[in-house]
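Observations on the model geometry
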Amino acid sequence: MTIGIDQIGLYTPNWYIDLRELARARGDEPDKYTIGIGQDQQAVAPSSQDIVTMAAAAARELTIDTTKLGLIVVGTESGIDASKASALYVQRLLGLHPWVRALEIKEACYGGTAGLMMARDYVATHPGQQALVIASDIARYGLATGGEVTQGAGAVAMLVTEAPRVLALADDSVYYAEEIMDFWRPVYQDTALARGKYSTEQYLAFFKRVWAQYQRQSGRTVADFDALCFHLPYTKMGLKALRLALPAASAVQQAELTARFERSIQYSRRIGNIYTGSLYLGLLSLLELDDTLTPGARIGLFSYGSGAVGEFFSGTLVEGFTAHLHRADHAALLDARTRLSIPDYETLFRDKVPYGPADYSSDPAFFAGPFVLTGVSGQERQYRTN
Ligand code: COA
C-alpha cells in the first residue's frame with residue numbers, strides 16, 4: 001500500500017515586517033539578517049490569531065472526505081492549553097465529523113513530523129481511512145533578543161491517505177533522540193528560551209548522525225536524491241546542513257541540489273520560523289516554486305526538534321502532483337499581507353489576549369483571517385469564523 005501526502009495547505013497571518021528594517025532598529029547590519037541568517041521578512045501574528053485559527057485556516061484549503069477521516073493531529077510547541085488539544089477546536093471550526101481521534105502532539109519543532117508518522121501508521125493499519133496532520137506555531141523569542149530575527153507564524157496542513165496524489169512516503173525513517181537543553185519553553189512563559197549557538201551545533205550534529213545511519217540502513221547515498229529539504233528555523237540553518245551532504249555528490253548534482261534548496265527556502269524567507277511546520281513549508285515551497293522536478297523524484301527530508309529528536313526520511317513525487325498544489329493562492333496570500341512598521345510590530349507583539357470578557361481591539365483589520373480569536377470569556381477561548 002502506498003501512503004503519503006495527498007494535499008498540503010498553508011496559512012500565515014496578514015502582517016509581516018521587513019527584516020532589513022528590523023536590523024536597523026536593533027542596530028545590526030541588514031546583511032546579517034538577510035544573508036547571515038537568510039531571512040527577508042517575518043510574519044507577525046496579532047493576538048486574534050493563535051495556533052487554532054491558523055491550523056483551521058491551513059486545513060480549510062484541503063478537500064477532506066469527512067466520512068473517511070479517522071485522525072486529526074496537531075503538532076505544535078506554542079499550544080494554547082496545557083491539557084485540551086487544539087485539534088478539538090479545529091474539528092469544530094471546520095465542521096469535521098465526531099468519529100475521529102483528535103489530539104495534539106509535542107516535541108518542539110519535531111511535532112509535525114511526529115504527527116505525519118503517526119498519520120502514516122494510522123492509515124497503514126486502517127485501510128481506507130485518512131488522517132489530517134496540522135503543524136501550527138507562533139515562534140516568539142521576545143523583542144530585541146538574539147532569537148527575534150528567527151520568529152514567525154503560520155501553519156501547514158497535510159491530508160495523509162492511501163494512494164496519495166502529491167508525495168508517497170517511503171518506509172525508511174531513521175530517528176535519534178537524546179535529552180539536551182538547547183531550546184525549551186516553560187509553561188509559565190510565552191517566549192522560548194534558547195542556547196542559540198548550541199542549538200545550531202546540535203541541529204547539525206543530529207543531521208550528521210541520522211544521515212550517516214540512514215545511508216547505512218537504506219543503502220542510499222546522496223546520489224539517490226533529487227532534492228533535500230530541511231527543518232528551517234532560519235534558512236541559513238538548512239544551508240549549513242545541506243553543505244554537510246553536498247561533498248559526496250557530483251558537481252552537477254551539487255548544483256542541482258543547491259538550486260532546489262534555494263526554491264525550498266523561499267516561503268520561509270518571507271514567513272520566518274513556524275517551528276513544527278518549517279520543514280513542510282520548505283517542502284511546499286520546493287514543490288510550488290520548482291518546475292524541474294518530475295514524478296518519481298526522490299526528496300529527502302530532515303526534521304529536527306530541540307530537546308532533541310532528529311529524523312531523516314524520504315518520499316517520491318506522484319504522477320500529476322502539480323495539479324494538487326495551490327501555488328497561485330499561496331502567492332496571493334503572501335503578496336496580500338500588510339507590512340508593519342517596527343514600532344507597530346512591537347505594539348502588536350506586546351498585545352496579549354486579556355483573560356476576561358469583551359473584545360480587546362476596536363480595529364476590524366485586527367480580526368482579519370478566515371478564523372479569529374475574539375477574546376477569552378469565563379476562561380474559555382472564543383473563536384469566530386469570518
Ligand atoms: N553580513 C553577512 N553575514 C553576517 C553579517 C553581515 N554584515 N554579520 C553577521 N553575519 C553572519 C555571521 O557570520 C553568522 O554566519 P555563520 O552562522 O555562517 O557563521 C550569521 O550571520 C549569524 O551571526 P551570529 O553572530 O552567529 O548571530 P547571532 O549571535 O545573532 O545568533 C542565532 C544567531 C540563530 C543563534 C540566533 O538568532 C538564535 O538564537 N536563534 C534562535 C535559536 C535557533 O533558531 N536555533 C536553531 C536550531 S533549532
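Coordinates for the structure precede this section.
These notes cover the structure that comes with them. (Residues numbered from 1 in each chain as written. Predicted model: local features only at pLDDT ≥ 70, side-chain atom pairs only at ≥ 80, totals over all residues. Heavy atoms only, no water.)

What follows concerns helix H7 (residues 235-245). Here H7 has its buried residues at Thr235, Met237, Gly238, Leu239, Ala241, Leu242 and Ala245. Contacts from the buried residues of H7 go to helix H2 (30-37), helix H6 (196-218), strand S12 (227-230), helix H8 (251-264) and helix H9 (266-271). (Buried < 20%, exposed > 50% of the residue type's maximum accessible area, 1.4 Å probe, protein only. Helix = DSSP H or I, 4+ residues; strand = E, 2+ residues; numbered from the N terminus. Contact = heavy atoms within 4.5 Å.)

Before going further, it helps to examine the side chain of aspartate 290. Relative to the assigned elements, aspartate 290 resides in the loop between helix H10 (278-289) and strand S13 (298-305). Among the polar contacts made by the side chain of aspartate 290, one reaches the main-chain amide nitrogen of leucine 293 at a distance of 2.8 Å. Those residues within four positions of aspartate 290 in sequence are excluded, and the remaining contacts are Arg260, Arg263 and Ser285. (Polar contact = N/O pair within 3.5 Å; in protein donor to acceptor, adjacent residues only side chain to side chain.)

Contacts to the ligand come from 19 residues, most closely from Lys32, Gly146, Ser199, Lys236 and Lys240. In the model, an oxygen atom of the ligand is placed 2.8 Å from a nitrogen or oxygen of the glycine 146 main chain. In this structure, serine 199 approaches the ligand through a side-chain N or O atom, which is 2.8 Å from a nitrogen atom. Mapped onto the shell around the ligand, the elements with two or more residues apiece are H2, H6 and H7. Of the residues contributing to the shell around the ligand, the split by class is five nonpolar, eight polar and six charged. For the shell around the ligand, the two domains that each supply at least three residues are domain 1 (3-167 + 325-385) and domain 2 (172-318). (Near = heavy atom within 4 Å. Nonpolar A, V, L, I, M, F, W, Y, C, P; charged D, E, K, R; others polar. Domains from an automatic or database assignment.)

It is worth spelling out the sheet that holds strand S15 (residues 338-339) at this point. Remark on secondary structure: sheet strands pair via backbone hydrogen bonds, oriented parallel or antiparallel. Taken together, three strands build an open sheet; the order of strands is S3-S2-S15 and the sheet is mixed. On the outer flanks of this sheet lie strand S3 (41-44) and S15, each paired with one strand and no other. Where strand S2 (residues 15-18) and S15 come together, two bridges link them in parallel fashion. Each bridged residue has a counterpart across the sheet, and for tyrosine 16 the counterpart in S15 is arginine 339. Each of S2, S3 and S15 touches helix H1 (residues 19-26); the most contacted strand, S2, lies at about 60° to it. Of the strands in this sheet, S2 and S3 are in contact with helix H12 (residues 342-350), which crosses S2 at around 135°. (Pairing = 2+ DSSP bridges. Axes fitted to C-alpha atoms, helices over the stretch in contact; angles between N-to-C directions.)

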